[in-house]
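The primary structure of each chain is shown beneath.
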Amino acid sequence: MDEDTITTLKILIVGESGVGKSSLMLRFVDDTFDEEMAATIGVDFRVTTMNVDGNHVKLAIWDTAGQERFRTLTPSYYRGGQGIICVYDVTSRTSFDRLEHWLAEIDTYCTKSDAVKMLIGNKIDKPNHVVTREEGLHFARKHRMLFIEASAKTRDGVQDAFEELIEKILQTPGLWENNRTGFNLRRQMDNEQASSYCSC
Ligand SMILES: Nc1nc2c(ncn2[C@@H]2O[C@H](COP(=O)(O)OP(=O)(O)OP(=O)(O)O)[C@@H](O)[C@H]2O)c(=O)[nH]1
């Protein structure tokens, strides 16, 4: 780890298929957007760094598949995760209704009880919102989550979402201070990749 990198954080993105999880990650990491993004199979993974108050924080962002049939190794996605981003699509009531399911999965598999959770209502650039901002906010408050509306397409809210999440994690020292030497990302990925791809 670089000398001025204070920690490596594992961030997970979960939510229904098609809500824009991969798009949010790619907008944040590469500042790109693809109108025809392919569905994620298993898990996709990016590493980036962020500057927080003059300190470098390395982020390992795990973008998980929304489709059940592509979620082969659910427990290992969550292992050691310090931040969890739960995404719904503001134009899809179903994606909002399924949030309870995602929270139940987080509760079951997350190994850090004080992991910071953030709710993102994505695709606010689209017309015909069926989930209001107030509903999103209410859900987030009820479940002690940070909340932001965003658009991976227009960039709205994306940087702010990641910054707020990372700041909150860093304000919870028990979550990351034992992690100063970082976990062995390469070894963990090699283990996951050995069996995370669908052979059908
Ligand atoms: N208009 C608009 N479209 C978006 C936005 N974010 C994602 N999309 C589109 O929505 C579709 C699905 O996006 P993905 O990022 O693949 O969704 P996902 O949640 O990763 O889907 P899975 O990999 O199946 O879990 C793609 O066609 C994207 O271009 C957004 O903010 N606005």
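Going by the structure above, here's the rest.
Quantities reported herein were computed from a predicted structural model and do not represent experimental measurements. (Residues numbered from 1 in each chain as written. Predicted model: local features only at pLDDT ≥ 70, side-chain atom pairs only at ≥ 80, totals over all residues.)

Overview of the overall build of the protein chain
The helix and strand inventory of the protein chain stands at seven helices and six strands. Scanning the protein chain from its N terminus toward the C terminus, one meets helices and strands in the order β-α-β-β-α-β-α-α-β-α-β-α-α. Of the contacts formed within the protein chain by residues at least 6 apart in sequence, a portion of 74% connects residues at least 24 apart. (Helix = DSSP H or I, 4+ residues; strand = E, 2+ residues; numbered from the N terminus. Contact = placed C-beta atoms within 7 Å.)

Regarding the pairing of strand β4 (residues 83-89)
Within β4, seven of the seven residues are buried, leaving the element largely enclosed by the surrounding structure. Every second residue of β4 is oriented toward a common face, with Gly 83, Ile 85, Val 87 and Asp 89 on one face and Ile 84, Cys 86 and Tyr 88 on the other, all of them buried. Bridge count for strand β1 (residues 5-15) against β4 is five bridges, and the pairing is parallel. In the sheet register, Ile 13 faces β4, and the bridge partner there is Ile 85. Examined bridge by bridge, β4 and strand β5 (residues 116-122) share seven bridges and lie parallel to one another. (Buried ≥ 20, exposed ≤ 12 C-beta atoms within 10 Å, placed from the backbone. Pairing = 2+ DSSP bridges.)

Digging into the nonpolar core
In this structure, Leu 12, Ile 13, Leu 24, Ile 85, Cys 86 and Ile 120 are the most contacted members of the largest nonpolar core, which totals 53 residues. With seven residues, helix α6 (residues 158-170) is the single largest residue contributor to this core. Non-local contacts of Leu 12, meaning those with residues more than four positions away in its chain, are made with Trp 62, Thr 64, Tyr 77, Tyr 78, Gly 81, Ile 84 and Ile 85. (Core = buried A, V, L, I, M, F, W, Y, C linked by C-beta atoms within 7 Å.)

Examining the pairing of strand β6 (residues 146-149)
Relative to β6, β5 is paired through four bridges, and the arrangement is parallel. Looking across to β6, one finds that Ile 120 is bridged to Ile 148.

Here we look at the sheet that holds β1
Sheet strands pair via backbone hydrogen bonds, and the direction of the pair is either parallel or antiparallel. Spatial strand order, β2-β3-β1-β4-β5-β6: six strands in an open sheet with mixed pairing. Each having just a single partner strand, β2 (43-52) and β6 make up the two edges of the open sheet. Taken over all neighbouring pairs, the strand axes of this sheet differ in orientation by 25 degrees on average, direction set aside. Together, β1, β2, β3 (55-64), β4 and β5 form the strand contacts of helix α1 (residues 21-30), whose direction differs from that of β3 by roughly 155 degrees. (Axes fitted to C-alpha atoms, helices over the stretch in contact; angles between N-to-C directions.)

Here's the deal with the site of the ligand
What surrounds the ligand is a group of 24 residues, the closest being Ser 17, Gly 20, Ser 23, Thr 40 and Gly 66. Ranked by the residues each element gives to the shell around the ligand, the list is headed by α1, at three residues. When the residues that make up the shell around the ligand are grouped by side-chain class, the tally is five nonpolar, 11 polar and eight charged. (Near = placed C-beta within 6 Å. Nonpolar A, V, L, I, M, F, W, Y, C, P; charged D, E, K, R; others polar.)

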